[in-house]
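A closer look at the structure
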Amino acid sequence: MAEEATIHRGLDGVVVDSTRISKVMPEINSLVYFGYPVQELAEHCCFEEVAWLLWHGELPNAQQLAAFQADGRSRRHLSKELLTVIQKTPRTAHPMDLLRTGVSFLGMEDPAPHKEDAATNLDRSMSMLAKIPIMLGSFYRVRKGLEIVPPRSDLSFAQNFFHICLGKVPPPEVVRAFEASLILYAEHGFNASTFTARVVVSTLSDIYSGVTAGIGSLKGPLHGGANEEVMRMLLNIAEPAHARDWMLAALREKRKIMGFGHRVYKKGDSRCPTMLKYARQMADLTGQKKWLEMCDILADTMIKEKGIYPNLDFYSGPAYYLMGIDIDMFTPIFVMARVTGWTAHIIEQLADNRLIRPLSHYTGPAERRVVPLAKRG
Ligand code: COA
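The notes below deal with the structure included here. The model shown is predicted, which means the values in this text are computed figures rather than measured ones.

**Details of helix α16 (residues 330–351)**
- Its 22 residues give α16 an end-to-end C-alpha distance of 32 Å, which sits within 8% of 32 Å, the value for a rise of 1.5 Å per residue.
- When the local axis directions of α16 are compared, the greatest deviation, roughly 45°, occurs at R338.
- The element α16 is largely enclosed, with a buried count of 20 among its 22 residues.

So, in structure tokens, the structure goes:
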């Protein structure tokens, strides 16, 4: 059977299961969460509304949203043991590694680790969503030798993140742009990290293991790590006047350019226009226009030369930079948002589970006999 197998490297084009959560439509450049276009959600909703949508399949009414927000705000604290872990984490560690350990630690602190029903998993998802930003904000301060800023329960999810990192809440335009990025990042079908999370729980492992594995998968520069690499690339290019030549040289040398290309979208990423709009607003607000000027030149050159389009990370990277956020926090911010999608998928997987276990085509040596050690030359 293996000899005749058709191999889909990277599972390219393979439909492995169905989902109600989101649909990516590359042919019309669109993405919907439970039927709602992501661009509309980014324009009209707060991030907590979208989290509710991903977990309940409908947008909340005002009462449901208020109760959901109050619940989330009441969970914005970490145990003193987890705070000690954060304080003892090497300051040079990448915050993605801190999150990978932190979420795993939450799993060990779970008071009822053997409960596996959907309601318990939803409750755990709520706690992860509330606590991941606190882990990040605490580490952000600790590694700079600053006091940890306690979370505030009168602030929204997005506002509180700035408060615990920077000790202040920026102007509403900045919070709005950040919130829109979280909504755009929240969910995206069977991407690598979501699929990883589903594979892990398909063995009936626990939700924390699924999310921890998702974080590990997202960290790679071919996936979530790209938003950080985009900003490092822009800093390296330094000036718009160098951008075209830089791109042409990179293409000649057959280098992978971060922030371009996508497994599913081949004619542009549905999330880019919204993210670009907010990135431009950040450039206008700060007066730092050169980063997006560079982006424009790089995108034009890449599209003309190779027909490859920018993806969401190409614009979220400079947008976060313009918001004053450290570069190595960009992918962890993606986690803050995508944990909603991961946990929605984990709960969906477990509701009708079948072990995910593909086949492989063997290309090793033909069958042979074991020669005992004493007789091996
Ligand atoms: N820079 C340069 N060339 C690229 C490219 C990029 N960012 N993305 C794709 N290509 C090239 C590939 O090398 C390939 O060229 P070849 O046919 O000469 O070998 C061709 O375009 C087709 O690639 P494709 O099969 O569509 O890529 P993929 O589906 O296997 O990979 C990504 C998709 C996302 C992994 C890939 O585009 C990439 O590495 N992008 C950069 C990282 C990034 O931004 N990741 C975030 C994704 S949201």
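Past the structure itself, the notes keep going.
**Focus on the packing of aromatic side chains**
- Within the structure shown, the criterion is met by 13 aromatic pairs.
- Both rings, one in W291 and one in Y321, keep their centres 5.5 Å apart while their planes meet at 75°; by these two values the pair is edge-to-face. Note that W291 is positioned in helix α14 (residues 290–306) and Y321 in helix α15 (residues 312–322), a separation of 30 residues in sequence.
- Residue W291 is classed as buried on the basis of its relative accessible area of 7%.
- In this structure an aromatic cluster arises from ring pairing among F161, F162, F178, Y320 and F330.
- Over the ring of Y140 we find K144, and its NZ or CZ is 4.7 Å from the ring centre.
- Lying over the aromatic face of W291, K290 brings its terminal NZ or CZ to 4.8 Å of the ring centre.

**Some details on the environment of V15**
- Summarising the element assignment, V15 is placed in the segment before β1 (22–25).
- Residue classification places V15 among the exposed residues on the basis of a relative accessible area of 73%.
- Along the chain, V15 and G210 lie 195 residues apart, while their C-alpha atoms are 20 Å from each other.

**Digging into the site of the ligand**
- Around the ligand, a shell composed of 18 residues is seen, among which I257, G259, F260, R263 and K266 lie nearest.
- I257 has a polar backbone atom sitting 2.7 Å from a nitrogen atom of the ligand.
- Interatomic distance of 2.6 Å between a side-chain N/O atom of K266 and an oxygen atom of the ligand.
- Protein chains shield 65% of the accessible area of the ligand, which is 860 Å² for the free molecule.

**A short note on empty space enclosed by the protein**
- Following the criterion strictly, the structure yields 1 cavity of 30 Å³ or more and no others.
- For the largest cavity, the calculated volume is near 130 Å³.
- Every residue lining the largest cavity is listed: E48, F68, Q69, G72, R73, R76, M126, L129, A130, P133, F157 and N160.
- Of all the secondary structure elements, the ones that give two or more residues to the lining of the largest cavity are α3 (62–74), α6 (118–142) and α7 (157–166).
- Looking at the lining of the largest cavity, its residues break down into 6 nonpolar, 3 polar and 3 charged.

**What to know about unusual backbone geometry**
- Here the phi dihedral of N29 falls at roughly 55°; this positive angle occurs in a residue that is not glycine.
- Structurally, N29 is set in the loop between β1 and β2 (30–33).
- Even without being a glycine, L204 presents a positive backbone phi close to 70°.
- For L204, the location among the structural elements is in the loop between α9 (192–201) and α10 (207–218).

**As for the sheet that holds β1**
- Ordered in space as β1-β2-β3, the 3 strands form an open sheet in which the pairing is antiparallel. Of all the strands in the sheet, the pair left with one neighbour each is β1 and β3 (36–37).
- Across 2 bridges, β2 lies against β3 in antiparallel orientation. Bridge assignment links Y33 to a residue of β3, and that residue is Y36.

Thresholds, definitions, all that
Residues numbered from 1 in each chain as written. Predicted model: local features only at pLDDT ≥ 70, side-chain atom pairs only at ≥ 80, totals over all residues. Heavy atoms only, no water. Helix = DSSP H or I, 4+ residues; strand = E, 2+ residues; numbered from the N terminus. Expected span 1.5 Å × (residues − 1). Bend = angle between axes of the 7 residues up to and from the residue. Buried < 20%, exposed > 50% of the residue type's maximum accessible area, 1.4 Å probe, protein only. Phe/Tyr/Trp six-rings, centres within 6.5 Å; stacked < 30°, edge-to-face > 60°. Lys NZ or Arg CZ within 6 Å of the ring centre and 35° of its normal. Near = heavy atom within 4 Å. Polar contact = N/O pair within 3.5 Å; in protein donor to acceptor, adjacent residues only side chain to side chain. Areas by Shrake-Rupley, 256 points an atom, 1.4 Å probe, with all protein chains shown as cover. 1 Å grid on protein atoms, 1.4 Å probe; cavity = no way out; pocket = protein on both sides within 12 Å on 5 of 7 lines; lining within 4 Å. Points joined across faces, edges and corners; volume = space filled by probe spheres on them. Nonpolar A, V, L, I, M, F, W, Y, C, P; charged D, E, K, R; others polar. Pairing = 2+ DSSP bridges.

Taken by themselves, the reported measurements are silent on function.
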